[in-house]
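# Tertiary structure, described
Spelled out, the chains give:
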Amino acid sequence: MITVVGVHGARTVAAFALGHGEDPLDGLHARGWTGRAERVEGVRGDLTLRYAVDPARPGAASTGPGGPQGPGLDATERAGVTPHQRVAAYAVVVEDGRLLLTQLAARTGAGGRWNLPGGGLDPGEGPRDAVVREVLEETGQVVEGVELVDVMTQHWIGRSPRGLEDYHAVRLLHTARCPRPTAPVVHDVGGSTADARWVRLDELGSVEVVASVAVALRAAGVADLHAGPQS
């Protein structure tokens, strides 16, 4: 379960279980609050997302992603689809003016595009530990100082290369430091990562990245990808 907690000043003003397909900001907005992610606590299966919140302005629109994305299914198809939620942790790692990126393998359905290093939490694993593990597996880099900067969700209902699905992605976006950067090496051969590299920040506009990269970079105050291709 994922619990969303809104704190105004020193007082907890909202607390609710994140529903399937729900964005935390949408849930807070429905309760009269707007805010930003401050930290995440716990492990997979029992996570708490803590937000610093303020009262939402009357009539203000939600800042969440809106409704489900993807081609819709009819009622019969929906009845046969089991909802699936995946919680994953990623990190913006910048050293010497370079950003650490991983290239998605063809088996992911987004082959060739570039992503932040990271991936799904193992059972009983916390997000910070997941970031350290995933970065090491996907790039060979050892990171520390992992800090949450944002939460991004996507709700997909439709057809994908995996078949019919009702998929709720909860992406915990972090920053992390790599005190001793080396040439990236993909240790998790045969997984979701085909390649890894350090990319200069001033060259990011020429790299095709997934949408969560731009969200994470803005939240981390690192770079703006408005001039580059995104998908």
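The sections below set out a description of the structure shown in this document. (Residues numbered from 1 in each chain as written. Predicted model: local features only at pLDDT ≥ 70, side-chain atom pairs only at ≥ 80, totals over all residues. Heavy atoms only, no water.)

### Overview of the overall build of the protein
Across its full length, the protein holds 4 helices and 11 strands. Computed over its C-alpha atoms, the radius of gyration of the protein comes to 18 Å, within 12% of the 17 Å expected for a compact globule of 231 residues. Across its three principal axes, the protein shows a C-alpha extent of roughly 50 × 45 × 40 Å. Residues counted as buried form 42% of the 231 residues belonging to the protein. A sequence separation of at least 24 residues applies to 65% of the contacts in the protein between residues at least 6 apart. Put simply, the protein shows about 11200 Å² of open surface, and 49% of that area lies on carbon and sulfur atoms. Taking the average location of the 22 positive side-chain charges in the protein and that of its 28 negative ones, the two points are 2 Å from each other. (Helix = DSSP H or I, 4+ residues; strand = E, 2+ residues; numbered from the N terminus. Rg over C-alpha atoms; globule rule 2.2 N^0.38 Å. Buried < 20%, exposed > 50% of the residue type's maximum accessible area, 1.4 Å probe, protein only. Contact = heavy atoms within 4.5 Å. Areas by Shrake-Rupley, 256 points an atom, 1.4 Å probe, with all protein chains shown as cover. Lys, Arg positive; Asp, Glu negative; His and termini not counted. Charge placed at Lys NZ, Arg CZ, Asp CG, Glu CD.)

### A look at helix α3 (residues 127-139)
Taking 1.5 Å per residue, 13 residues should reach 18 Å; α3 reaches 18 Å between its end C-alpha atoms and fits that length. Buried within α3 we find P127, A130, V131, R133, E134, V135, E138 and T139. G140 lies just past α3 and shows a positive phi near 80°. (Expected span 1.5 Å × (residues − 1).)

### Description of the pattern of salt bridges
A pair can form between side chains of opposite charge whenever their charged atoms are brought close. The full count for this structure, using the stated rule, is 13 salt bridges. Two residues, E147 and R128, come together in a salt bridge whose shortest N-O distance is 3.8 Å. Here E147 is found in strand β9 (residues 144-160), whereas its partner R128 is found in helix α3, with 19 residues between them in sequence. On the basis of relative accessible area, E147 is assigned to the partly exposed category, the value being 43%. Through salt bridges that share partners, D122, E125, R133, E134 and E137 make up one connected network. (Salt bridge = Lys/Arg side-chain N within 4 Å of Asp/Glu carboxyl O.)

### Some thoughts on the side chain of E95
For E95, the position within the fold is in strand β5 (residues 83-95). An unpaired buried charge is present at E95: no salt bridge exists, and R177, the closest side chain of opposite charge, is 6.1 Å distant. Here C178 takes part through its backbone nitrogen, which lies 2.8 Å from a polar atom of the side chain of E95. In contact with E95, not counting residues within four places along its chain, are R177, C178, P179, P181 and W198. (Polar contact = N/O pair within 3.5 Å; in protein donor to acceptor, adjacent residues only side chain to side chain.)

### Details of the side chain of H168
Of note, H168 is situated in strand β10 (residues 163-177). Taking relative accessible area as the criterion, H168 reaches 0% and is therefore assigned buried. A distance of 3.2 Å separates the side chain of H168 from the side chain of Q85, its partner in a polar contact. Sequence-distant contacts of H168, that is, excluding residues within four places in its chain, are made with L18, G19, H20, G21, E22, H84, Q85, R86, T153, Q154 and H155.

### Some words on the nonpolar core
When a protein is soluble and globular, its nonpolar side chains tend to lie buried together. In this structure, L28, Y51, V93, V151 and L172 are the most contacted members of the largest nonpolar core, which totals 32 residues. With 20 residues, the next largest nonpolar core counts A88, L99, L173 and V215 among its residues. (Core = buried A, V, L, I, M, F, W, Y, C linked by side-chain atoms within 4.5 Å.)

### A closer look at the environment of D122
Here D122 lies in the loop between β8 (118-120) and α3. The spacing of D122 and E41 is 81 residues in sequence and 15 Å in space, taken between C-alpha atoms. Setting aside residues no more than four positions away along its own chain, D122 makes contact with R44 and R133. Within the structure, D122 has its side chain in polar contact with the side chain of R133 (distance 3.5 Å).

### What about the environment of A110?
You can see A110 is positioned in the loop between β6 (98-104) and β7 (114-115). The spacing of A110 and S192 is 82 residues in sequence and 9.8 Å in space, taken between C-alpha atoms.

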